[in-house]
Amino acid sequence: MATASSDIVRLYLRVHNRDETVEWPKASTTEEIKSVLLTAADVPSTLTKDVVLKLTQQNGCLVSIGPKLTSNTPHTRYTLQVVSEKLKSGAEDSVNPDELVNTVAKLKGQIDSVSQVAKLAHPHKGPNAMVRRAPNIDPRYADRAKYVFTEETKEYLKQCSFDNWQWEENEALALLELMFDDMGLIEEFKIDVATLKRFLRGIKDNYNANPFHNFKHCFCVTQMMYGIIHTTEIVHKLKPIDKLVLLISCIGHDLDHPGYNNAYQINAKTDLAIIYNDTSPLENHHAAVLFTLLRAPETNILSNVPDAVFREIRKGTIRCILATDMAKHGEIMTAFKKHVDNFNIEDQDQRNLLVQMIIKCADISNEVRPTEVAEPWVDCLLEEFFAQSDREKAEGLPTAPFMDREKVTKAGAQVGFIGFVMIPLYELTAKVLPNMEAAIIQPIRQSLTYYKEMLEKTEGKK
Ligand code: 5GP
Ligand code: MN
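Residues numbered from 1 in each chain as written. Chains lettered and ligands numbered in written order. Predicted model: local features only at pLDDT ≥ 70, side-chain atom pairs only at ≥ 80, totals over all residues. Heavy atoms only, no water.

### Notes on the overall build of the protein
- When helices and strands are tallied, the protein shows 21 helices and five strands.
- When each of the 462 residues of the protein is scored for burial, the buried share is 52%.
- Look at the contacts in the protein between residues 6 or more apart in sequence, and 72% of them connect residues 24 or more apart. (Helix = DSSP H or I, 4+ residues; strand = E, 2+ residues; numbered from the N terminus. Buried < 20%, exposed > 50% of the residue type's maximum accessible area, 1.4 Å probe, protein only. Contact = heavy atoms within 4.5 Å.)

### Here's the deal with the packing of helix α11 (residues 215-231) against helix α12 (residues 240-252)
- Axis separation between α11 and α12 bottoms out at 7 Å; the angle between their running directions is 155 degrees. Regarding the angle of α11 to α12, the classification is roughly antiparallel. As for how α11 packs across α12, the hand of that crossing is right-handed. Residues Cys218, Val221, Thr222, Met225 and Ile229 of α11 touch α12, and the partners they reach there are Leu246, Leu247, Cys250 and Ile251.
- Among the residues making up the contact of α11 with α12, the classes are represented as eight nonpolar, one polar and no charged. (Axes fitted to C-alpha atoms, helices over the stretch in contact; angles between N-to-C directions. Parallel < 35°, antiparallel > 145°, perpendicular 65-115°, else oblique. Left-handed = near helix turned anticlockwise from the far one by under 90°. Nonpolar A, V, L, I, M, F, W, Y, C, P; charged D, E, K, R; others polar.)

### Re the environment of proline 443
- When you line up the elements, proline 443 lands in helix α21 (residues 436-461).
- Among the residues examined, proline 443 registers a relative accessible area of 19% and is labelled buried.
- On a C-alpha basis, the gap between proline 443 and threonine 371 in space is 8.8 Å, while along the polypeptide they are 72 residues apart.
- The residues touching proline 443, leaving out its near neighbours within four places in the chain, are Glu367, Val368, Glu437 and Ala438.

### Some thoughts on the site of ligand 1
- By nearness alone, every residue bordering ligand 1 is listed as His213, His217, Asp254, Thr324, Met326, Asp363, Ile364, Leu381, Phe385, Ala413, Gln414 and Phe417.
- Aspartate 363 places a polar side-chain atom, nitrogen or oxygen, 2.6 Å from an oxygen atom of ligand 1.
- Protein contacts shield 86% of the accessible area of ligand 1, which totals 490 Å² for the unbound molecule.
- The set of elements that each furnish at least two residues to the shell around ligand 1 consists of α19 (371-395) and α20 (410-430).
- Among the elements that line the shell around ligand 1, the one with the most residues is α20, at three residues.
- A per-class count over the shell around ligand 1 returns six nonpolar, four polar and two charged. (Near = heavy atom within 4 Å. Polar contact = N/O pair within 3.5 Å; in protein donor to acceptor, adjacent residues only side chain to side chain. Areas by Shrake-Rupley, 256 points an atom, 1.4 Å probe, with all protein chains shown as cover.)

### A closer look at the packing of aromatic side chains
- Following the criterion strictly, the structure yields 12 aromatic pairs and no others.
- Each member of the aromatic cluster is reached from another via a ring pair, and the members are Phe149, Tyr156, Phe162, Trp167 and Phe219.
- Geometry around phenylalanine 291 places arginine 314 over its ring, the cationic atom sitting 4.7 Å from the centre.
- The lysine or arginine in question, arginine 391, covers the ring of tyrosine 260, its NZ or CZ lying 4.5 Å from the ring centre. (Phe/Tyr/Trp six-rings, centres within 6.5 Å; stacked < 30°, edge-to-face > 60°. Lys NZ or Arg CZ within 6 Å of the ring centre and 35° of its normal.)

### A closer look at α12
- Under the 1.5 Å per step criterion, the end-to-end length of α12 is 18 Å for 13 residues, consistent within 8% with the ideal 18 Å.
- Of all 13 residues that make up α12, 12 are buried, and the element is covered over most of its length.
- Burial in α12 covers these residues: Ile241, Asp242, Lys243, Leu244, Val245, Leu246, Leu247, Ile248, Ser249, Cys250, Ile251 and Gly252. (Expected span 1.5 Å × (residues − 1).)

### Some words on the confidence of the model for the protein
- The predicted model of the protein has a mean per-residue pLDDT of 87, with 85% of residues at 70 or higher.
- Least confident of the elements in the protein is helix α5 (residues 128-132), whose mean pLDDT is 26; most confident is α12, at 99. (pLDDT = per-residue confidence, 0-100.)

### Points about the coordination of the manganese ion (ligand 2)
- In the first shell of the manganese ion (ligand 2), the protein supplies His217 (NE2), His253 (NE2), Asp254 (OD) and Asp363 (OD), at 2.1 to 2.2 Å from the metal.
- The sequence pattern formed by the donor residues of the manganese ion (ligand 2) is H-x35-H-D-x108-D. In this pair, aspartate 254 is assigned in the loop between α12 and α13 (262-267) and aspartate 363 in helix α18 (residues 348-363), connecting sequence segments 109 residues apart. (Donors = N, O, S within 2.8 Å, 3.2 Å for Na, K, Ca; no water.)

### Some points on the pairing of strand β3 (residues 51-56)
- Summarising burial for β3: six of the six residues are buried, a large majority.
- Residues of β3 alternate between two faces, with Val51, Leu53 and Leu55 on one and Val52, Lys54 and Thr56 on the opposite face, all of them buried.
- Two successive antiparallel strands, β3 and strand β4 (residues 62-63), enclose a turn made up of five residues, where glycine 60 displays a positive phi of approximately 90 degrees. (Pairing = 2+ DSSP bridges.)

### Some thoughts on the packing of α12 against α18
- Across the interface, α12 lies against α18 with an axial gap of 11 Å and an inter-helix angle of 30 degrees. Here α12 lies roughly parallel to α18, going by the angle between them. In the crossing of α12 with α18, the sense of the turn from one axis to the other is right-handed. The segment α12 lies against α18, with Asp242, Leu246, Ser249 and Cys250 engaging Arg351, Val355, Ile358 and Ile359.
- Partitioned by chemical class, the residues of the contact of α12 with α18 number five nonpolar, one polar and two charged.

### Some points on unusual backbone geometry
- Residues other than glycine seldom take positive phi values, yet glutamate 233 does so here, at roughly 60 degrees.
- Inspection of the secondary structure puts glutamate 233 in the loop between α11 and α12.
- According to the relative accessible area criterion, glutamate 233 is partly exposed, its value standing at 48%.
- Although it is not a glycine, aspartate 278 adopts a positive phi angle of roughly 65 degrees.
- The topology assignment puts aspartate 278 in the loop between α14 (271-275) and α15 (281-295).

### Examining the side chain of asparagine 72
- Mapped onto the secondary structure, asparagine 72 falls in the loop between β4 and β5 (78-84).
- By relative accessible area, asparagine 72 is classed as buried at 8%.
- Among all residues touching asparagine 72, those that are not within four sequence positions of it are Arg10, Leu11, Tyr12, Arg77 and Tyr78.

Right, dumping it as C-alpha cells:
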C-alpha cells in the first residue's frame, strides 16, 4: 500500500467521476492546499474566487480543508466536489414552482409580517421581495435529514481561527444548527428541530447580498462568539439562557442590513430613522426582524418555553443586539471597566455586561482569524463603505472620512481600527475571561504588525 512520506500529505480523491492523487508539503497553508485541490478539480484560475470546495469521507462526513488534513489511502478515498454559489443561484430558480407556491401559501401570514418589517429598509422593493423572503426550506437542505460533520470539524468550529470561506451556505446553516445542539439548547428549551431549520433558513433569507453585511458575516460573528466562549471556557459558567441569548443575538444581529450605516439613515431621513427616532435605527430594525421571525409559528423556535422565560430571552437579545451599535462602544466599555477588578459572574447585571462584551468582540472579530481568512473581509467592508460615501456625495449628504475612497487605504483603515478599537476591547474583556492571549489577542497583534508594514510600504512609495 502506498504511504506518504512523513513530510508530505498525500490525498486520494474521487473528483468529477475520476480518481486523482494529490500531494503537498506538510507545512502548507490553507491557501496552498486549496490551490492544489482546485487544480485537481480543473477549476480555472479565473473562477477560484466563486467556488467552494467540499471534501467528504465515504461515510458522508465533511472534512475541513486546512493544515490539519492528513493523508488517506486509496481505500478511504475522499470525494472532492466543487460548489459554485453563482451556479447554485441558477439551480435554485429551477425549484418546482408548484412546491414553491404551496410553501408560500402555507406561510402567507408570516411572509406578510416579515416583509412588512423588511420593507422599512427597502421601501422600493417590488412584490417579488415577498417570495424571496419566504422562509421555505431549500429542498436540498430539507431532504438531507442531517449533515454529518467529523469530530475534527466539530472541534475546529470551536476555534477562533475557523475559515468561513470553506463552507457553502447550506453547510453554514447546518453548522449553526450544530451549535444549538452542541450547547444543549435544543434539549433545554425543547426546540423543535424542523422549526429550527425553518428559522435558520428564514434568517439566511433575511440577510441581503451586501458586500459586507451579509449572511456570511452573520455566520462569522456567530462562529466567533462560539469560538470565544469555548476558548475561554466561559461556556461552562454561562447559564443556558445566556448561551441561547448569545446565539440568537449573533445570528440575528445584522438582519436585513441595507448596506448603509446609521449615519446615512439619519442624514437621509430614511423610514428606519423616522420610525426609531434616530436611535440606533439599524440595530432596532435587526432585532425587530428577528422577533418577527420568532413570532411566526413556523419559525418560532421558542414556542415551547414558558412566557416568563420568553420575556427574559427577548430582553437579553434586544440588549445584546443594541450593544452592537458602535455609537454605544464607549458607554459599554466604561460600564464594564468598573467591574473588571472584582468581577462576579453570579451577579446578573455583571453577567449581562459580559455577554454584551462577548457579542461586541465577535461582531468586530475578523482580524482574529488568520490573514488569508481575514483580509478579504477588509475588501468587502471598504467596498460597502465606498458605495455609501459615493451615494452620500451624489445626494449632497455629509460623508465620513473613513468611508471615502479618496481618503482611505486598506492598511490605514486596519491600523487605526485594530489599534484603537479592537485591542482595547479585547484586552479589557481578557481581564475577566481567561485564555484570551495566545489564541485571540496574539493573532490580532500579528494582524496589526502586518498592516503597519503594509502601511509603511505604501507610504514609502509616495
Ligand atoms: P457591524 O455591527 O456594522 O457589523 O460592525 C460594527 C462596525 O465596526 C462596522 O460597521 C465597521 O464600521 C466597523 N468594523 C468592523 N470590523 C472592521 C474592520 O476590520 N476594519 C474596520 N476599519 N472597521 C471595522
Ligand atoms: Mn455585524
